[in-house]
Amino acid sequence: MEKDSALYQLMDTRMNGIMNGIVSGDGEYQAILRKSDIYSGELDRMDLSKEIRLLIDRYVSVQNALGSRFGMLAYLLGFSDCKAMFLRKCLPTEVKEMNTEL
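As a starting point, this report considers the structure included with it. (Residues numbered from 1 in each chain as written. Predicted model: local features only at pLDDT ≥ 70, side-chain atom pairs only at ≥ 80, totals over all residues. Heavy atoms only, no water.)

### Details of the overall build of the chain
Helix and strand content of the chain: four helices and zero strands. From first element to last, N terminus to C terminus, the chain shows the α and β order α-α-α-α. Buried residues in the chain amount to 12% of all 102 residues. Within the chain, residue pairs in contact and separated by at least 24 positions form 44% of the contacts whose partners lie at least 6 positions apart. Approximately 8,300 Å² of the chain is accessible, and the part contributed by carbon and sulfur atoms is 61%. (Helix = DSSP H or I, 4+ residues; strand = E, 2+ residues; numbered from the N terminus. Buried < 20%, exposed > 50% of the residue type's maximum accessible area, 1.4 Å probe, protein only. Contact = heavy atoms within 4.5 Å. Areas by Shrake-Rupley, 256 points an atom, 1.4 Å probe, with all protein chains shown as cover.)

### Concerning helix α1 (residues 6–24)
With 19 residues, α1 should cover 27 Å at 1.5 Å per step; its first-to-last C-alpha distance of 27 Å lies within 8% of that length. The sharpest bend along α1 comes to roughly 45°, located at isoleucine 18. (Expected span 1.5 Å × (residues − 1). Bend = angle between axes of the 7 residues up to and from the residue.)

### Brief notes about the nonpolar core
Within the largest apolar cluster, five residues are counted, these being Leu7, Tyr8, Met11, Met72 and Leu76. Within the residue set of this core, elements represented by two or more residues are α1 and α3 (50–88). Beyond its immediate sequence surroundings of up to four residues, methionine 72 is in contact with Met11, Met15 and Asn16. (Core = buried A, V, L, I, M, F, W, Y, C linked by side-chain atoms within 4.5 Å.)

### A short note on unusual backbone geometry
In the Ramachandran plot, aspartate 47 falls in the positive-phi region, its phi being about 50° despite a non-glycine side chain. Relative to the helices and strands, aspartate 47 is located in the loop between α2 (27–45) and α3. Relative accessible area serves as the criterion here: at 69%, aspartate 47 is assigned to the exposed category.

### A few points about the packing of α1 against α3
Orientation of α1 relative to α3, taken along the N-to-C sense of each, is 130°, at an axis distance of 10 Å. Classed by the angle they form, the pair α1 and α3 counts as oblique. Considering only the axes of α1 and α3, their crossing is right-handed. Residues Leu7, Tyr8, Leu10, Met11, Arg14, Met15 and Asn16 of α1 pack against Arg69, Met72, Tyr75, Leu76, Phe79 and Ser80 of α3. Tallied by class, the residues present in the contact of α1 with α3 amount to nine nonpolar, two polar and two charged. (Axes fitted to C-alpha atoms, helices over the stretch in contact; angles between N-to-C directions. Parallel < 35°, antiparallel > 145°, perpendicular 65-115°, else oblique. Left-handed = near helix turned anticlockwise from the far one by under 90°. Nonpolar A, V, L, I, M, F, W, Y, C, P; charged D, E, K, R; others polar.)

### Quick word on the pattern of salt bridges
The tally for this structure, following the rule as stated, stands at one salt bridge. Its salt-bridge partner being arginine 53, residue aspartate 44 comes within 2.9 Å of it at the nearest N-O pair. Aspartate 44 gets classed as partly exposed once you look at its relative accessible area, which sits at 47%. On the basis of relative accessible area, arginine 53 is assigned to the partly exposed category, the value being 36%. (Salt bridge = Lys/Arg side-chain N within 4 Å of Asp/Glu carboxyl O.)

This is the structure in structure tokens:
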């Protein structure tokens with residue numbers, strides 16, 4: 001899918017704007033955030049070398065990017081499924097057909 005398509009722009013607006021308000025009110029998200037803060041504090045107390053902290057930071061950043069990208073792609077797939085359902089009154093049955101619509 002082209003990054004300048006209407007669907008991609010909608011996803012960007014929803015994920016980068018409106019989601020901030022949603023996650024601030026979501027208890028499960030906030031609980032995960034608090035757990036993350038606990039682990040961050042534990043890492044701080046370990047007095048790790050700069051090299052190890054940088055490696056951990058890079059690893060966590062890449063893992064976060066993977067999760068974020070997966071979520072964005074899932075959003076696009078769901079929206080594509082809705083579009084197909086409304087336009088054709090049914091969902092595509094073959095995976096190959098579904099992949100071509102993203």
